[in-house]
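Observations on chain architecture
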Amino acid sequence: MAIHLVGGSNSRMKEGWSRYLADILDEPMHNRSIGATSSIMGAVLLDVLDDIKSGDTLIWEYALNDSGHVRRGYPCETLLRFIEYTLRECARRGIRFTAAIFTPKFHNKTPDAITLRTRALALFASYGVDAFDVNESYCTRNNLQEFPDELYSNPLHYVENDDLMGFIAQGVAALLPGKVPTDLEPIHVGSGEYRIERFQKDEVFKNSIISLPVAKAPTHMAFTHAEGWNVLGLLVLTHPRGGAIEFTCGDSRLELSLTHAAKKFDKHLLKFISFERLLGAPVACAPNASVTITPITKPGTFLSEIGLRSDLGLPALDAHNGLIAGMILERRD
């Protein structure tokens with residue numbers, strides 16, 4: 001058995017809870033967490049990482065980032081669907097699951113108002129899997145009415161102190177090896193399904209987390225599928241000099257930034273660009289659709305995902321270091 005951790009930046013901190021967890025486990029743990037991403041990325045990672053196998057355990061940590069994504073325009077129902085896709089894929093493949101629920105500082109004093117958090121907890125209970133709620137459990141242990149603000153280093157990160165980080169690690173460890181989710185009738189996804197559609201492979205991108213075939217703009221895809229598929233967005237590798245692209249599918253034409261705004265990080269960052277957030281709806285994808293992606297060289301203002309720059313000049317546009325890993329399609333009957 002191996003343990004795989006997917007989550008956000010709180011799960012990647014050098015002196016964070018994941019280090020404490022790795023120290024107390026007997027089994028190997030593979031940390032696949034990616035900062036500033038949502039549970040859509042969790043579902044994608046389960047799809048693209050071929051070393052997660054039956055009998056392994058998936059630790060899911062996205063509640064904090066999902067909360068922030070809803071606050072910045074992501075539909076709550078979209079994220080719940082992808083949490084359920086993750087649960088159903090674990091059930092199908094015999095992968096054990098457990099969750100660590102983190103709460104951002106801006107929701108700390110009003111936890112009952114966090115619709116996504118409460119609905120995610122209900123979803124986990126329906127599928128028969130356990131979740132460790134950090135703030136609630138810490139308050140119970142210490143007989144507190146509310147989680148202390150001083151245990152946040154900023155609105156989106158807990159402080160890296162021994163007591164809190166060790167407490168989280170011990171709480172998650174107590175739920176391991178987790179449980180395979182129950183195979184039940186879908187709650188949010190209905191008869192829907194999603195898939196990743198790949199572009200031509202120009203190279204393979206590798207780092208300590210993933211290995212992905214990627215394409216460079218310009219690139220083109222023509223594919224055949226049944227009626228009812230929509231493009232939810234693009235899976236991309238952004239860069240501080242990532243440039244911008246024009247995405248064309250049928251009558252839809254979008255100008256998108258691939259340039260991330262992370263300071264002092266001169267590397268690629270895996271991102272999901274959500275058309276539902278940017279446009280309010282996915283892009284309709286007719287059968288036998290043709291998709292074209294071309295680089296943009298003229299400065300301007302572009303549609304930008306959370307964490308990406310919208311206003312780009314020539315230094316960012318000249319390099320074209322952004323890479324395209326695929327399209328996320330969903331069919332909902």
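Counting from 1, residues in each chain are numbered in the order their sequence is written. Residues qualify for local features only when their pLDDT is at least 70, as the model is predicted, and side-chain atom pairs are given and counted only at 80 or more; totals for whole chains, interfaces and linings, by contrast, use all residues. Heavy atoms throughout the structure, all of them, feed into the side-chain values; hydrogens and water do not.

**Observations regarding unusual backbone geometry**
With an omega of 15°, the peptide bond between Leu176 and Pro177 qualifies as cis. The topology assignment puts Pro177 in the loop between helix 7 (162–173) and strand 8 (193–197). Note that the residue after Ala217, namely Pro218, is joined by a cis bond; omega there is 5°. On the secondary structure map, Pro218 appears in the loop between strand 10 (211–214) and strand 11 (219–222). The residue Ala36 is not glycine, and still its phi comes out positive at about 60°. A simple rule labels every residue: compare its accessible area, found with a 1.4 Å probe on the protein chains alone, to the largest value its type can have, and call it buried under 20%, exposed over 50%, or partly exposed in between. According to the relative accessible area criterion, Ala36 is partly exposed, its value standing at 37%. In this model, Asn288 sits at a positive phi of 60°, which is unusual for a non-glycine residue. Since its relative accessible area comes to 55%, Asn288 is described here as exposed. Helix numbering and strand numbering both begin at the N terminus, where a helix is a DSSP run of H or I of at least 4 residues and a strand a DSSP run of E of at least 2.

**Quick word on helix 4 (residues 76–93)**
One fewer than the residue count of a helix, multiplied by 1.5 Å, yields its expected span. The end-to-end C-alpha distance of helix 4 is 26 Å, a good match for the 26 Å that 18 residues give at a rise of 1.5 Å each. Within helix 4 the residues assigned to the buried category are Cys76, Thr78, Leu79, Leu80, Arg81, Phe82, Ile83, Glu84, Tyr85, Thr86, Leu87 and Cys90.

**Here's the deal with the packing of helix 4 against helix 5 (residues 115–126)**
Where helix 4 contacts helix 5, the axes come no closer than 10 Å and their chain directions differ by 25°. Here helix 5 runs roughly parallel to helix 4, going by the angle between their axes. For the element pair helix 4 and helix 5, the recorded crossing hand is right-handed. Residues Cys76, Glu77, Leu79, Leu80, Ile83, Glu84 and Leu87 of helix 4 lie in contact with helix 5, whose contacting residues are Thr115, Leu116, Arg119, Ala120, Leu123 and Phe124. Gly falls in the polar group here, along with every residue not listed as nonpolar (Ala, Val, Leu, Ile, Met, Phe, Trp, Tyr, Cys, Pro) or charged (Asp, Glu, Lys, Arg). Along the lines of polarity and charge, the residues of the contact of helix 4 with helix 5 split into nine nonpolar, one polar and three charged. Axes here refer to lines fitted to C-alpha atoms; in helices the fit is confined to the stretch in contact. Angles between the N-to-C directions go from 0 to 180 degrees. We call two directions roughly parallel when the angle between them is under 35 degrees, roughly antiparallel when it is over 145, roughly perpendicular when it lies between 65 and 115, and oblique otherwise. The crossing is said to be left-handed when, going from far helix to near helix, the turn is anticlockwise and less than a right angle, and right-handed when the turn is clockwise. Only heavy atoms enter the contact rule, under which two residues are in contact if any of them lie within 4.5 Å.

**Some remarks on the packing of helix 1 (residues 17–24) against helix 7**
For the pair helix 1 and helix 7, interaxial distance at closest approach is 8 Å and the crossing angle is 55°. Relative to helix 7, the element helix 1 is oriented oblique. For the pair helix 1 and helix 7, the sense of crossing is right-handed. Between helix 1 and helix 7, the residues in contact are Trp17, Tyr20, Leu21 and Ile24 and Asp162, Met165, Gly166, Ile168, Ala169, Gln170, Val172 and Ala173, respectively. When the residues that make up the contact of helix 1 with helix 7 are grouped by side-chain class, the tally is nine nonpolar, two polar and one charged.

**Structural notes on the pattern of salt bridges**
Put simply, a salt bridge is a Lys or Arg side-chain nitrogen that is within 4 Å of an Asp or Glu carboxyl oxygen. All chains considered together, the criterion is met by 19 salt bridges. Residues Glu276 and Arg81 are paired through a salt bridge, measuring 3.8 Å at the closest nitrogen-oxygen approach. Of this pair, Glu276 sits in helix 8 (residues 275–279) while Arg81 sits in helix 4, and the two are 195 residues apart along the sequence. The closest approach of N and O atoms between Glu330 and Arg81, which form a salt bridge, is 2.7 Å. Note that Glu330 is positioned in strand 20 (residues 323–331) and Arg81 in helix 4, a separation of 249 residues in sequence. In this structure Glu330 comes out as buried when scored by relative accessible area, which is 4%. Residue classification places Arg81 among the buried positions, given a relative accessible area of 4%. Linked through salt bridges whose partners overlap, the residues forming this network are Glu15, Arg19 and Asp23.

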